[in-house]
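Spelled out, the chains give:
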Amino acid sequence: MAHLSEAEMINWMALYSATALCCAIAMALAILVLASRLWREKAWTQLHRPKDVVLFFPKTWWRWQKLYLLSTPVTLAIVSSFGSTLAWS
């Protein structure tokens, strides 16, 4: 099994760092959008029964997941374009 050169190792660390940064931004934006939607809908006013309260958390989690996963193509495009600018040899 071949070992990575120093330049390749630095490039991989840069790619992982860029991916982590894009994912952190996407997570923060998804949380902000979800919070604003919940605030606009006043979602807590629909919690009348204990069942509604229990189901509120999985529904909110699913809504956040959908928002977060919508950022995947953008993250892949940004990281791919960044990776293509690196010198790999």
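In the block above lies the structure referred to throughout.
Cut-offs applied
- Residues numbered from 1 in each chain as written.
- Predicted model: local features only at pLDDT ≥ 70, side-chain atom pairs only at ≥ 80, totals over all residues.
- Heavy atoms only, no water.
- Core = buried A, V, L, I, M, F, W, Y, C linked by side-chain atoms within 4.5 Å.
- Buried < 20%, exposed > 50% of the residue type's maximum accessible area, 1.4 Å probe, protein only.
- Helix = DSSP H or I, 4+ residues; strand = E, 2+ residues; numbered from the N terminus.
- Contact = heavy atoms within 4.5 Å.
- Salt bridge = Lys/Arg side-chain N within 4 Å of Asp/Glu carboxyl O.

Asker: How should I be thinking about the nonpolar core in this particular structure?
Answerer: One recurring pattern in soluble globular proteins: nonpolar side chains tend to sit buried together. Core analysis: the largest hydrophobic core is formed by 6 residues, namely A30, L34, L38, A43, W64 and L67. No other element matches the 3 residues that helix α1 (residues 6–41) contributes to this core. Sequence-distant contacts of L34, defined by excluding residues within four places in its chain, comprise T60, R63, W64 and L67.

Asker: Any chance you could explain the pattern of salt bridges here in plain terms?
Answerer: Where charged atoms from two side chains of opposite charge approach closely, those side chains can pair. Summed over all chains, the structure comprises 2 salt bridges. Residue E41 pairs with R63 through a salt bridge whose shortest N-O separation is 3.1 Å. Highlighted residues: E41 in helix α1 and R63 in helix α2 (residues 50–69), separated in sequence by 22 residues. Among the ionic pairs, D52 bridges to R49, the shortest N-O distance being 3.4 Å. Residue classification places D52 among the buried residues on the basis of a relative accessible area of 19%.

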